[in-house]
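# Report on the structure
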Amino acid sequence: MADTAIHILLAEDDPNFGIVLKDYLEMHDYEVTLCKDGNQGSTAFRKGKYDLCILDVMMPEKDGFTLAREIKKLDTNVPIIFLTAKTLKEDMLEGFKIGADDYITKPFDSEVLLYKIKAVLNRKGGVTPEKAEPTEYTIGSYVLQPKLRLLHHQGHEQKLSPKEADLLLMLCQHLNDVLPREIALQRIWREDTYFTARSMDVYIAKLRKYLKEDPTVEIINIHGQGYRLCVHDHAVLQ
């Protein structure tokens, strides 16, 4: 779930292996964005926020080493694990010079990768405080329990769909600030297209209906940017 998940950027050009690895990691409660080449990986990293990157070394368009250098320029602290079919000492040294936290050679035991991921995250301090989400969020007279996907209001309980809960959670995380449209689309819908944007608009409309009983709460459309969840002070309402 998006409320407490570790977000992993996986760049792997083998579509079958990439999908299998992505599904395996998601079975173990990781949020995974899969990119088929280095260019896609670079774009995804600039748009999202990730706790860990798993990069295949040999990829078309842009190899894993080049992608890792770009990532380290944007965030020197994000851990990186390289996947490689080669066992050359020179390649391994190159990866560690760039800032790799670990190296795993294909083929590998998926369970070993899980332990490596946990070890790397533990060395980096595990889940950062900002990822350790509260169990409840207060939105005016409403209370959101994102993990249970429940929205409470004056004794009434509204069960939210997974996307409704994730979207409202992200709005709460950006309370009184702008939630960029592209960030929400990448995190929840995993792609930013015309159709996913229209789908997000439908979900925003649903959330507005759920929150309509409190006049101090509103979701504002910030043209060309995204949405802002605002909780106004009763005293300043006209």
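The following refers to the structure shown.

Criteria and cut-off values
Residues numbered from 1 in each chain as written. Predicted model: local features only at pLDDT ≥ 70, side-chain atom pairs only at ≥ 80, totals over all residues. Heavy atoms only, no water. Helix = DSSP H or I, 4+ residues; strand = E, 2+ residues; numbered from the N terminus. Buried < 20%, exposed > 50% of the residue type's maximum accessible area, 1.4 Å probe, protein only. Contact = heavy atoms within 4.5 Å. Areas by Shrake-Rupley, 256 points an atom, 1.4 Å probe, with all protein chains shown as cover. Pairing = 2+ DSSP bridges. Arc of directions from axis to C-beta. Polar contact = N/O pair within 3.5 Å; in protein donor to acceptor, adjacent residues only side chain to side chain. Salt bridge = Lys/Arg side-chain N within 4 Å of Asp/Glu carboxyl O. Axes fitted to C-alpha atoms, helices over the stretch in contact; angles between N-to-C directions.

## Things to note about the overall build of the protein
Helix and strand counts for the protein come out as 8 helices and 12 strands. Evaluated residue by residue, the protein yields a buried proportion of 45% over its 238 residues. Expressed as a percentage of contacts within the protein between residues at least 6 apart in sequence, the contacts between residues at least 24 apart total 55%. Accessible surface, the protein: about 12,600 Å² in total, of which carbon and sulfur atoms supply 52%.

## Examining the pairing of strand β8 (residues 150–153)
Taken residue by residue, a regular strand's side chains alternate between the two faces of the sheet. Both strand β7 (residues 142–145) and β8 contribute to a ladder of 4 bridges, which runs antiparallel. Within the sheet, the bridge partner assigned to Val 143 lies in β8 and is His 152. If you look at the hairpin formed by β7 and β8, you'll find 4 residues sitting between the two strands, and Arg 149 has a positive phi there, around 60°. Across 4 bridges, β8 lies against strand β9 (residues 156–159) in antiparallel orientation. Looking at β9, one finds that Leu 151 is bridged to Gln 158. Taking the residues that link successive antiparallel strands as the turn, the β8-β9 hairpin has 2 residues, and the phi of Gln 154 there is positive, at about 50°.

## Description of helix α2 (residues 38–47)
By the burial criterion, the buried members of α2 are Gly 38, Gly 41, Ser 42, Ala 44 and Phe 45. Along the axis of α2, the buried residues cluster in a sector spanning 165°; they form a single face. Contact partners of the buried residues in α2: β1 (6–11), β2 (30–35), β3 (52–56) and α3 (64–74). Of the residues flanking the start of α2, the one acting as N-cap is Asp 37, its side-chain oxygen 3.0 Å from the backbone nitrogen of Asn 39.

## Concerning the pattern of salt bridges
By the definition in use, this model includes 5 salt bridges. Of the charged contacts, one joins Glu 26 and Lys 22 as a salt bridge, the two residues approaching to 2.9 Å between their closest N and O atoms. Linking Glu 26 with Lys 22, this pair stays in helix α1 (residues 15–27), spanning 4 residues, or about one helical turn. Exposure remark for Glu 26: the relative accessible area of 24% places this residue in the partly exposed category. Owing to a relative accessible area of 15%, Lys 22 belongs among the buried residues under this scheme. Here Asp 201 and Arg 181 are joined by a salt bridge, their closest N and O atoms 3.2 Å apart. Placement of the pair is Asp 201 in helix α8 (residues 194–210) and Arg 181 in helix α7 (residues 181–189), with a sequence separation of 20 residues. A residue is classified by how much of its surface remains accessible, and Asp 201, at 22% relative accessible area, is partly exposed.

## So, the sheet that holds β9
The 4 strands are arranged β6-β7-β8-β9 in an open sheet whose pairing can be described as antiparallel. Looking along the sheet, the strands with just one partner apiece sit at the ends: β6 (137–139) and β9. For this sheet, the mean inter-axis angle between neighbouring strands, taken without regard to orientation, is 25°. Packed onto the sheet, helix α6 (residues 162–173) meets β6, β7, β8 and β9 and runs at close to 80° relative to β6.

## Let's talk about α3
Among all positions of α3, only Gly 64, Phe 65, Leu 67, Ala 68, Ile 71 and Lys 72 are buried. Buried positions in α3, seen along its axis, are confined to an arc of 155° and lie on one side of it. The residue sitting at the N-terminus of α3 and contributing the capping side-chain oxygen is Asp 63; that oxygen lies 2.9 Å from the backbone nitrogen of Phe 65.

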